[in-house]
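Structural overview
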Amino acid sequence: MGVEYPVIPYQPKLSGETDQPLEKQLVDLEKLKAEGYMRVVHHAGEKGYHIKLVLNDREAISLFVWNDKIFKGQNTLARSYGVIPIEEIEVDEEEGDRLVAEGRYRLENGVLELIVEKSYDESVVKPCRCRYKLKLKGIKEYISPKHGHSARPEYFLVATD
């Protein structure tokens, strides 16, 4: 049995098979309190970066950003892919994935703090500390060829001191 997380109340407009229950897709990051290890990964064929926030020894949150603004303390948009198995923070170099950075994070009261301690690609991110206030933009709902029915929260990340 997995850990229960705060969930965004949402009634899906689409339906279909999915590889992840809605309760795991719709974790409310504005209400979640967590901290720990994080990893920044670039998956082959994607234009952005997945920030993998480890929750415990079994699960992580995958937060996708379309650009490197998040590492420069600039306002940006992020999409949560919800709670994922811990194995998905691993990098599959044979598939063309690459580890961009590692560090720590803290998420509390809707504020996300990222501390990049080690960069493997300083053209994307240098060691830094950034803080953002999260504000739910809405739910992006679609049918993914890979994951099936998906309801993904999107957040405005507003830089704070």
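Residues numbered from 1 in each chain as written. Predicted model: local features only at pLDDT ≥ 70, side-chain atom pairs only at ≥ 80, totals over all residues. Heavy atoms only, no water.

**Thoughts on the pattern of salt bridges**
To keep things clear, this is the line we draw: Any Lys or Arg side-chain nitrogen located within 4 Å of an Asp or Glu carboxyl oxygen qualifies as a salt bridge. Where helices and strands are cited, they refer to DSSP runs of H or I of at least four residues and of E of at least two residues respectively, numbered from the N terminus. Residue burial is assigned from relative accessible area. The probe radius is 1.4 Å, only protein chains are included, and a residue is buried under 20% of its type maximum, exposed over 50%, and partly exposed in between.
Under the criterion given, the structure shown has twelve salt bridges. K33 is the salt-bridge partner of E108, the closest N and O atoms lying 3.6 Å from each other. Of this pair, E108 sits in strand β5 (residues 98–108) while K33 sits in the loop between α1 (22–25) and β1 (34–42), and the two are 75 residues apart along the sequence. The class for E108 is partly exposed, based on a relative accessible area of 30%. Overall, the relative accessible area of 63% leaves K33 in the exposed class. Across the salt bridge formed by R106 and E35, the nearest N and O atoms sit 3.3 Å from each other. Pair noted here: R106 is in strand β5 and E35 is in strand β1, with a separation of 71 residues, a long-range link.

**Brief notes about the side chain of S80**
Filter applied, for reference: Between N or O atoms, a polar contact is any pair within 3.5 Å; within protein, one atom must be a potential hydrogen donor and the other a potential acceptor, and residues adjacent in sequence are included only when both atoms are from side chains. Note on definitions: a residue-residue contact is assigned when non-hydrogen atoms from the two residues lie within 4.5 Å.
Along the chain, the position of S80 falls in strand β4 (residues 76–85). The class for S80 is buried, based on a relative accessible area of 0%. For S80, the side chain forms a polar contact with the main-chain nitrogen of G82, separated by 3.1 Å. Those residues in contact with S80, other than ones at most four positions away along the chain, are L29, I61, S62, L63, R152, P153 and Y155.

**Things to note about the environment of I84**
Among the secondary structure elements, I84 is positioned in strand β4. Sequence spacing of I84 and Y10 is 74 residues, and the spatial spacing of their C-alpha atoms is 20 Å. With sequence-adjacent residues up to four places away left out, I84 is seen in contact with Q20, K52, R58, E59, A60 and S62.

**Quick word on the pairing of β5**
Worth spelling out the cut-off: By the convention used here, strands pair only if DSSP detects at least 2 bridges between them.
As defined by bridge partners, β1 adjoins β5 across nine bridges and the pair is classed as antiparallel. By the bridge assignment for β5, R39 is matched with E102. Relative to strand β6 (residues 111–119), β5 runs antiparallel, the two being bridged by eight bridges. Opposite Y105, over in β6, you have L114 as the bridge partner.

**Quick notes on the side chain of H149**
If you trace the backbone, H149 turns up in strand β8 (residues 148–160). Residues within four places of H149 in sequence aside, it is in contact with P12, L14, S15, G16, E17, T18, L22, Q25, E141, Y142 and I143.

**Description of a negative patch on the surface**
Going by this rule: Excluding any residue in a salt bridge, patches collect residues exceeding 30% relative accessible area, merging like charges within 9 Å and nonpolar Val, Leu, Ile, Met, Phe, Trp and Tyr side chains within 5 Å. For accessible areas, the Shrake-Rupley method is used with a probe of radius 1.4 Å. Any residue's cover is judged against the shown protein chains and nothing else. Under the counting rule used here, the positive set is Lys and Arg, the negative set is Asp and Glu, and His together with the chain ends is not counted. Each charge is placed at NZ for Lys, CZ for Arg, CG for Asp and CD for Glu.
Judged by side-chain charge, D92, E93, E94 and E95 come together as a negatively charged surface patch. In this fold, D92 is placed in the loop between β4 and β5. The exposure class of D92 is partly exposed, given its relative accessible area of 33%.

**Here's the deal with the sheet that holds β4**
Our working definition: Working convention: axes come from line fits to C-alpha atoms, limited for helices to the stretch in contact. Angles between N-to-C directions cover 0 to 180 degrees.
With antiparallel pairing, the eight strands of this closed barrel are ordered in space as β1-β2-β3-β4-β8-β7-β6-β5. Averaged over all pairs of adjacent strands, the angle between strand axes in this sheet comes to 35 degrees, irrespective of strand direction.

**Quick word on the state of the cysteines**
Our working rule: Two cysteine sulfurs form a disulfide in these notes if their separation is within 2.5 Å.
Enumeration according to the criterion identifies zero disulfides in this entry. Note on C130: no disulfide assigned, nearest cysteine sulfur contributed by C128 at a separation of 3.9 Å. According to the relative accessible area criterion, C130 is buried, its value standing at 6%.

**Structural notes on the nonpolar core**
Side chains of nonpolar character tend, in soluble globular proteins, to be buried together. For clarity, the cut-off: As used in this record, nonpolar core signifies buried Ala, Val, Leu, Ile, Met, Phe, Trp, Tyr and Cys residues forming a set joined through side-chain atoms within 4.5 Å.
Core analysis: the largest hydrophobic core is formed by 36 residues, its most contacted members being L29, L32, I51, F71, Y105 and L112. Breaking this core down by element, the ones donating at least two residues are β1, β2 (49–54), β3 (59–65), β4, β5, β6, β7 (128–144) and β8. Setting aside its immediate chain neighbours within four residues, L32 contacts Y5, P6, V27, L55, I61, L107 and E108.

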